[in-house]
Amino acid sequence: RLLSFGDSQICKYAVVTVATIGCGKTTTSLALANLFPNIIGHIQNDNIRRPVGNKLVAGALEILINRPIVILDKNDHKFIERKQIFDDFDQLNEVIPTSKLKFICLNFLRNRPQEDKDLWNITRERILERGDNHQTIKAAGKGITKAEKIIQGFIKRFQPVDPGREPDSKFDLIINLDVTSPDSSYANVKTVVDNLISFASDLNLTRPTEEQFQEAFKSALDYKPSVNKI
Ligand code: GTP
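One structure accompanies this document, and this report is about it. Remember, it's a predicted structure, so these values are computed and weren't measured experimentally.

### Details of the overall build of the protein chain
Check the secondary structure of the protein chain and you find 7 helices and 5 strands. Listed by position from the N terminus, the elements making up the protein chain come as β-α-β-α-β-α-β-α-α-β-α-α. Rg of the C-alpha trace for the protein chain: 17 Å, near the compact-globule value of 17 Å for 230 residues, within the 12% margin. Each of the three principal axes of the protein chain carries a C-alpha extent, and together these read 55 × 40 × 35 Å. Going through the 230 residues of the protein chain one by one, you find that 50% of them count as buried. Summarising the internal contacts of the protein chain: among those between residues at least 6 apart in sequence, 78% fall at separations of at least 24. Working note: accessible area of the protein chain is about 11900 Å², and carbon and sulfur atoms make up 49% of it.

### Focus on the nonpolar core
By size, the foremost hydrophobic cluster in this structure holds 67 residues, and its most contacted members are I43, L72, F89, F108 and V189. Ranked by residue count, the leading element in this core is helix α2 (residues 55–66), at 6 residues. Among all residues touching I43, those that are not within four sequence positions of it are I48, L56, G59, A60, I63, V70, I71, L72 and D73.

### Side note on the sheet that holds strand β1 (residues 12–18)
As summarised here, the arrangement of the 5 strands in space is β2-β3-β1-β4-β5, forming an open sheet in which the pairing is parallel. Edge positions in the sheet fall to β2 (40–44) and β5 (173–176), since each has one partner strand and no second. The sheet shows a mean angle of 20 degrees between the axes of neighbouring strands, taken without regard to direction. In this structure, β2 lies alongside strand β3 (residues 69–73), joined through 5 bridges in parallel fashion. Counterpart to I40 in the pairing with β3 is I69. Lying on the sheet, helix α6 (residues 184–199) is in contact with β1, β2, β3, β4 (101–107) and β5; it crosses β5 at an angle near 155 degrees.

The rules behind these values
- Sequence order sets the numbering: in each chain, residues are counted from 1 along the sequence as written.
- Local features in this predicted model are restricted to residues whose pLDDT is 70 or higher, and side-chain atom pairs enter the listing and the counts only when it is 80 or higher, whereas totals over whole chains, interfaces and linings include all residues.
- To obtain the side-chain values, all non-hydrogen atoms of the structure were included, while hydrogens and water were left out.
- Runs of E in the DSSP output that reach at least two residues are strands. Runs of H or I that reach at least four are helices, and both are numbered from the N terminus.
- Both definitions apply: the radius of gyration is a C-alpha atom measure, and the globule rule equals 2.2 Å times residues to the power 0.38.
- With a 1.4 Å probe rolled over the protein chains alone, any residue whose accessible area is under 20% of its type maximum counts as buried; one over 50% counts as exposed, and the rest are partly exposed.
- Contacts are assigned to residue pairs with any non-hydrogen atoms lying within 4.5 Å of each other.
- Exposure was quantified through the Shrake-Rupley algorithm and a 1.4 Å probe, taking into account, for residues, occlusion by the shown protein chains and nothing else.
- For this analysis, a nonpolar core means a set of buried residues of the types Ala, Val, Leu, Ile, Met, Phe, Trp, Tyr and Cys, connected via side-chain atoms within 4.5 Å.
- Pairs of strands are assigned from DSSP output, requiring at least two bridges between the strands.
- In this analysis, axes come from line fits to C-alpha atoms, helices being fitted only over the stretch in contact, and the angle between any two N-to-C directions falls in the range 0 to 180 degrees.

These figures capture arrangement, not role.
Written out as structure tokens, the structure reads:
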């Protein structure tokens with residue numbers, strides 16, 4: 001079975017987001033996929049009908065057949081969720097040699113989000129602004145209170161990435177991002193690209209121009225989900 005991976009020396013990269021609601025996971029992921037369409041694939045947990053079991057990782061592995069990088073777009077805000085991702089890869093991956101499969105964490109929240117008033121204000125504002133343009137969180141009109149409760153719930157339960165213990169010690173690279181301004185995602189996209197260029201050096205990625213960054217970001221901001229689960 002290992003043979004179907006070919007003789008290629010390149011690695012495969014699973015990029016795992018760790019965040020709460022509205023941190024810009026989807027915007028950042030879409031911009032990255034726009035910049036490197038043949039290299040970076042993106043799978044959104046929110047687009048999976050009944051996202052139980054190992055469907056997210058199964059979908060990610062399918063994307064990795066044709067592309068070297070996949071972003072698994074999900075909050076993964078607790079240790080147990082991160083552990084599940086590693087376990088699902090262990091269980092489902094039969095093709096990529098373990099030494100060639102690298103895990104990268106997009107760590108949107110370095111500080112304790114429970115004490116971060118800016119995080120609450122920024123993400124709440126974004127979600128209200130997004131209104132009903134989401135697969136499951138509807139924040140227009142009467143939906144506001146429910147959406148606020150959902151955002152709060154994720155912030156309350158959040159367990160920060162801790163590279164000193166499992167499962168987070170299994171990440172080969174942790175990229176620290178910021179949600180400190182309403183427009184934080186643009187800088188985050190650039191931070192991820194620069195990290196990928198140096199860490200995934202086998203892929204020989206070329207740094208996009210400023211115009212390319214702006215173009216990719218603009219169309220990511222215009223995204224409207226096509227899946228509606230409510
Ligand atoms: P959930 O899927 O609800 O957990 O959110 P998420 O973390 O995927 O955040 P998403 O990328 O959907 O961003 C939430 C909203 O904020 C969307 O409407 C985005 O368009 C908007 N947004 C995110 N980042 C930025 C940014 O840097 N600038 C601007 N102007 N809007 C942003």
